[in-house]
Amino acid sequence: MAAARAGDRAGRPGPPRGRRVHGRGPARPDRGRAVRAGRAGGDRLRPRARRRAGRGAAAGEEALYAGLLAPADAAASLRALLASADAEVRRAALGELAAPWARAWPCPRATLLPLLADDDVGVATAAVQLAAVQDLGADLRGLAEDDSADPRVRAEAFQRAMARCEREALPGWLALALVDPLLFGPACLQALRALHRRAIFAGDDELPAVLALASADHSLDLEELAALCFTARKPLLRRLAVLPADDPRWPRLVGLLAALDSDEVPAVLHALLAVTADRELQRQILRHLGPRGDASSEAVVLARLEQEPAACLAALRWLGGPATVAALRDGLGLDDHAGVRPHLCDVAGDAAALLWHLVDDDAPERARLRARLRFVALPPAIRRDLERPASRFDPALLFACASEPVSVRALELLGRFGGAADLDLARDLLRRIVSEVVAGVLVERDGAPLRIEPGPVRASEAERQIPAVALAAVRALGRRLHERGAIRPTCLLAASDAADAGARVLAELLLDLDDEPLDPEARAIVLRALVAQRGRRTRLRRHLHAHLRDPDPRVRAAAVTCLERHVPDDLCASLSRLAEGDDLPTARQALLALAEARATAAAPTIAAWLEHPNMNLKKTAAEALQRAGTAEVVPALVRWLGAHDNPGLREALSAALDAVLAGAVTPTLLAALDAQSPKDPQAAARWRLWSEALDGRLDPPAILHAARRGAPWILNSCRC
């Protein structure tokens, strides 16, 4: 056994006392100080003793981490230190007691409770974190309800306890949030996000509280709140639809309504606009109608153009079509000599710029605007467009001049010189490229597109992708359109800069292709190209959730990768639901995707898959935790190291522990060995497995120390 083998080496020269045996990270001075100070006498430390404790920090830490100090003794010393008069020492001790190695010896509740009310906010916050680790949810709730406690500590207690609650406790936590929405609102949103990752969602019964919270705390991100209510969006929409138009909460709730992912939202907004007398609410509704992009909204907005020209023009940037062109042509007096109509006088420049960008380059409206506008008074949006004119393309000539592969080279030229009128051609070229990749005549090899003759052996999946130069060409076209101030496609209106505009245009064209009837391989290729693009989250979410149910595993795998990149919280929730089904390939792909993204927020969800009976999924989960693990999953890793003897799984579990804990693996495993009750029928097997996991981590002095203190696991190892 590991311990016995280490003991066989006891006759050789040992390492210097206190040497780090398995250190993989920088020492934490507060950790060493806490352990050392606890052994030096707790709150009786004088200043000189404190300085001595600080100088001995590294030695105290290394003694624990090298196995020369029993974890139980170190935990006892830290608990004694909680009575120190030095707030920094108390804070450090609490932080160390929350470490995975100390969890086998939880801090007594009677000791921890006074620290939750400590005068030092840092100490009280550290106590809250330790209480959360020890699952003292009732005590944390009591602290959150205590009006006399520091608000920062109350909010911390609320967030940590609510994030760990079960589904049946959710209504109570939402009710508490409404007691002080300004204090608990942000913490509640964080907790709802954590619950969402665990597939715990607000239901119909919780919606009144959600509405009250949204209307009371104006700092809440309503788009995120709407996304967290995705599974309850239909009942939430029904509740909003029946609210009276004079409800004082509407100025706040209209943002939540507009953010809901439902095709019925525009109709509800139209109805509210028709009955409300609040002018400011009318303006809000008009502004929200634009980004929704519903075709029926254009007529509704145009009907209000004379009453609210500024708000309507903002909405028509998204919605404008032929009807808007006609209304603006008339309002600007381009068809007669009556001049600009009164309702557009104050916004004539914006109206002219909108009309300019809604028509083609050779449209008569542009000629009339050129005749009416003076160059020195040109609206900036028109000036930007004139300064960067687009080239006119003859598609036949474009294809004739392009070298092989023609579709890719033509798209490159389009990206370099094209304009808004060429978007349809760009979409057609992307479609042609995808079909050529599926047919096996176009591959990407060594970073360059290559046309080949199809053969009996297909190219690898890495080669069967839309070539990077083709994707870059579409992004370049999007950047050019942004620089010209273009507003079509409408995704350009949401772009923060030229690079963002390029990514959004590419995502929009790829999603347009995904809307078409494609064979599974073509759809998977399109989805893989979407991974690195930034598109409209609502549209992306709809597409990807639908593809999670696709019968083809290639499509499901590509959808999982996209979800991880764009909406990882949704992927965590989906992964929790996959555990209840038999779609194991998709579950494995989801685990790998979360690992690739280092999605540490998903660590508990990933760790739950260690319980799955399928060994391949167990190993995949353990491997994923090497990149996405946190201290929260250490107990599960340690437990499985002591319960399974599969070599591949044990190697993955050990690697995950190393990645999460660095140099703290040794005391964590020693703590598990010491805490194992000898009366447990599985004690001998667990001691053996944990001892094997310690192989190579303990030096002879640590083995000797364990033997001298009578550790039962080392005696078991020697008998083996």
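All figures in this text were calculated on a predicted structure; none of them were measured in a lab.

Calculation notes
Residues numbered from 1 in each chain as written. Predicted model: local features only at pLDDT ≥ 70, side-chain atom pairs only at ≥ 80, totals over all residues. Heavy atoms only, no water. Helix = DSSP H or I, 4+ residues; strand = E, 2+ residues; numbered from the N terminus. Areas by Shrake-Rupley, 256 points an atom, 1.4 Å probe, with all protein chains shown as cover. Salt bridge = Lys/Arg side-chain N within 4 Å of Asp/Glu carboxyl O. Buried < 20%, exposed > 50% of the residue type's maximum accessible area, 1.4 Å probe, protein only. Pairing = 2+ DSSP bridges. Axes fitted to C-alpha atoms, helices over the stretch in contact; angles between N-to-C directions. Parallel < 35°, antiparallel > 145°, perpendicular 65-115°, else oblique. Left-handed = near helix turned anticlockwise from the far one by under 90°. Contact = heavy atoms within 4.5 Å. Nonpolar A, V, L, I, M, F, W, Y, C, P; charged D, E, K, R; others polar. Core = buried A, V, L, I, M, F, W, Y, C linked by side-chain atoms within 4.5 Å. Phe/Tyr/Trp six-rings, centres within 6.5 Å; stacked < 30°, edge-to-face > 60°. Lys NZ or Arg CZ within 6 Å of the ring centre and 35° of its normal.

Each helix and strand in the protein was counted, giving 42 helices and 2 strands. Surface exposure of the protein reaches about 31,500 Å², of which carbon and sulfur atoms provide 52%.

With that out of the way, let us pick up the pattern of salt bridges. This model, assessed by the stated rule, comprises 51 salt bridges. Asp385 is paired through a salt bridge with Arg484; the nearest N and O atoms lie 2.6 Å apart. Separated by 99 residues along the polypeptide, Asp385 in helix H24 (residues 380-387) and Arg484 in the loop between helix H28 (468-483) and helix H29 (498-514) bring together distant segments of the chain. Like Asp385, the residue Arg484 is buried in the burial classification. A salt bridge links Arg427 to Asp512, with the nearest nitrogen and oxygen atoms 3.1 Å apart. With Arg427 in helix H27 (residues 423-439) and Asp512 in helix H29, this residue pair connects regions lying 85 residues apart in the sequence.

Turning to the pairing of strand S1 (residues 442-445), a few remarks are in order. Here S1 runs beside strand S2 (residues 448-451); their pairing, made up of 4 bridges, is antiparallel. Directly across from Val443, in S2, lies its bridge partner Leu450. Adjacent in sequence and paired antiparallel, S1 and S2 are bridged by 2 residues, among which Asp446 carries a positive phi angle near 55°.

What follows deals with the packing of helix H17 (residues 265-275) against helix H18 (residues 279-292). With their axes 10 Å apart at the nearest point, H17 and H18 run at an angle of 160° to one another. It follows from the interaxial angle that H17 and H18 lie roughly antiparallel. When you trace H17 past H18, the crossing you get is left-handed. Together, Val265, Pro266, Leu269, His270, Leu272 and Leu273 of H17 and Gln282, Ile285, Leu286, Leu289 and Arg292 of H18 make up the contact between the two elements. When the residues that make up the contact of H17 with H18 are grouped by side-chain class, the tally is 8 nonpolar, 2 polar and 1 charged.

Core analysis: the largest hydrophobic core is formed by 231 residues, its most contacted members being Phe158, Met162, Leu411 and Ile466. For Ile466, the residues in contact, after removing those within four places along its chain, are Leu430, Ile433, Val434, Glu444, Leu471, Leu510, Ile525 and Ala529.

The subject of this paragraph is unusual backbone geometry. Backbone torsion omega between Glu404 and Pro405 reads -10°, so that peptide bond is classified as cis. A cis amide bond links Arg488 to the next residue, Pro489, at an omega of 5°. Here Pro489 shows up in the loop between H28 and H29. For Arg598, which is not glycine, the phi torsion reads 50° and is therefore positive. Mapped onto the fold, Arg598 is located in the loop between helix H34 (584-596) and helix H35 (603-608).

Evaluation of the coordinates by the stated rule reveals 2 aromatic pairs. Geometrically, the ring pair formed by Phe158 and Trp173 is edge-to-face, given 5.3 Å between the ring centres and 90° between the ring planes. Separated by 15 residues along the polypeptide, Phe158 in helix H10 (residues 151-163) and Trp173 in helix H11 (residues 170-177) bring together distant segments of the chain. On the numbers, 4.7 Å between centres and 20° between planes, the contact of Phe158 with Phe184 is stacked. Highlighted residues: Phe158 in helix H10 and Phe184 in helix H12 (residues 181-197), separated in sequence by 26 residues. Given a relative accessible area of 0%, Phe158 falls into the buried group. An aromatic cluster is built from Phe158, Trp173 and Phe184, whose rings are joined through pairwise contacts. The ring of Trp173 has Arg141 sitting right over it, with the charged end atom 4.9 Å from the ring centre. Over the ring of Phe230 we find Arg233; its NZ or CZ atom is 4.0 Å from the centre of that ring.

Honestly, that's just the spatial picture; any functional story needs more than this.
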